[in-house]
Amino acid sequence: MTTPARACWIVRKILDAKKRYLNKDLNEALKDCCTTDKFRIKKTYQAFLPQYQKMKWRGLVLGSKTIPKHKFILWLALMGRLATVDRIQKWGVKVQSDCVLCNTGAEETLQHLFFQCSYSAYIWNPILQWLGEKRKVSNWEEETEWISRKTRNSRSRAQILQFLYAATVYHLWNERNIRRFQDKKKEGRQILKEIVIQMHIRRGQQFSKWRRVLESLNS
Ligand SMILES: [Zn+2]
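Rules used in this analysis
- Residues numbered from 1 in each chain as written.
- Predicted model: local features only at pLDDT ≥ 70, side-chain atom pairs only at ≥ 80, totals over all residues.
- Helix = DSSP H or I, 4+ residues; strand = E, 2+ residues; numbered from the N terminus.
- Rg over C-alpha atoms; globule rule 2.2 N^0.38 Å.
- Buried ≥ 20, exposed ≤ 12 C-beta atoms within 10 Å, placed from the backbone.
- Contact = placed C-beta atoms within 7 Å.
- pLDDT = per-residue confidence, 0-100.
- Core = buried A, V, L, I, M, F, W, Y, C linked by C-beta atoms within 7 Å.
- Axes fitted to C-alpha atoms, helices over the stretch in contact; angles between N-to-C directions.
- Parallel < 35°, antiparallel > 145°, perpendicular 65-115°, else oblique.
- Left-handed = near helix turned anticlockwise from the far one by under 90°.
- Nonpolar A, V, L, I, M, F, W, Y, C, P; charged D, E, K, R; others polar.

Our next topic: the overall build of the chain. Helix and strand content of the chain: 12 helices and 2 strands. Scanning the chain from its N terminus toward the C terminus, one meets helices and strands in the order α-α-β-β-α-α-α-α-α-α-α-α-α-α. Taken over the C-alpha trace, the chain has a radius of gyration of 22 Å; the compact-globule value for 219 residues is 17 Å, which it surpasses by more than 25%. Counting only C-alpha atoms, the chain reaches 65 × 50 × 30 Å along its principal axes. Within the chain, the proportion of its 219 residues that are buried is 21%. Sequence-distant contacts, at least 24 apart, represent 55% of the contacts inside the chain between residues at least 6 apart.

Here it is in structure tokens:
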């Protein structure tokens, strides 16, 4: 059975897993379930678990030091599931296509919001500078690749970087929604201040190791 292209994400995953299970050779599968000729239920379970490609960025959404709502929006962005204008228009909905953050007439796409848009660069660039990173903000793929590489360890600095990335993506998306649907707006400076305060108050006090890193960055 062919997986319907219009099926939702979870249904497609279930159907793909079913196909994989049915296509497996039974004798080969049974060998995978045994250790020194003894049948192991644990190995059986592991052998039939669907194997999916591991995303390089998985650590960004598995870390426990990020605020859950930030993590959720970051995950949607990483999966290309944020309802940006270019996606909404594909569904036949007519909406103003211009980016509401920079008002330059650029079309709102994931690539533009993160981080071609001058408004988003205005927020993320100072964060990079504050962290002592001698690099300018790049595009969404390269920025995510760089962050994923830098946060592979569990050191405090990596956790802080992870926190800041998720917070930046969340606040940019939130500001975009507020401007589109509530006709209100905040200056980039205010958003930046909110991210930094959130990091210091909500996280800095909970994780003593962070405090030392934050103190050295602030000095
Ligand atoms: Zn823009």
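Right, picking up where we left off after that structure.
A few words now on the confidence of the model for the chain. Looking at the chain, the pLDDT average stands at 85 and 90% of residues meet or exceed 70. Considering each helix and strand of the chain separately, the mean pLDDT is smallest for helix H2 (residues 26-32), with a value of 70, and largest for helix H7 (residues 110-116), with 95.

The next subject is the nonpolar core. Within the largest apolar cluster, 31 residues are counted, with the highest numbers of intra-cluster contacts made by Leu74, Phe114, Leu164, Ala166, Val169 and Tyr170. Taken together, the elements giving at least two residues each to this core come down to helix H5 (68-78), H7, helix H8 (118-130), helix H10 (156-181) and helix H11 (188-203). With 11 residues, the single largest contributor to this core is H10.

This part is about the packing of H8 against H10. Contact geometry of H8 with H10 gives a least axis separation of 11 Å together with a crossing angle of 165°. Comparing their axes, H10 and H8 come out roughly antiparallel. Note on packing geometry: the crossing formed by H8 with H10 is right-handed. Here Ser120, Ile123, Trp124 and Ile127 of H8 come into contact with H10, specifically with Leu164, Thr168 and Leu172.

It is worth spelling out the environment of Gly132 at this point. Looking at the secondary structure, you find Gly132 in the loop between H8 and helix H9 (140-150). Note: C-alpha distance between Gly132 and Lys186 (54 residues apart in sequence) is 26 Å.

What follows concerns the environment of Val100. Inspection of the secondary structure puts Val100 in the loop between helix H6 (85-90) and H7. A count of 20 C-beta atoms within 10 Å places Val100 in the buried class. On a C-alpha basis, the gap between Val100 and Thr2 in space is 40 Å, while along the polypeptide they are 98 residues apart. The contacts of Val100, once residues within four sequence positions are left out, are Arg176, Arg179 and Arg180.

The next point concerns the packing of H10 against helix H12 (residues 208-218). Where H10 contacts H12, the axes come no closer than 9 Å and their chain directions differ by 85°. Classified by the interaxial angle, the pair formed by H10 and H12 is roughly perpendicular. Between H10, through Ser156, Arg157, Gln159 and Ile160, and H12, the contact on the second element is made entirely by Lys209, Trp210 and Val213. Residue classes in the contact of H10 with H12 are distributed as 3 nonpolar, 2 polar and 2 charged.

Once that is clear, we can look at the environment of Glu187. Mapped onto the elements of the fold, Glu187 is located in the loop between H10 and H11. Along the sequence, Glu187 and Leu101 sit 86 residues apart, while their C-alpha atoms lie 9.6 Å from each other.

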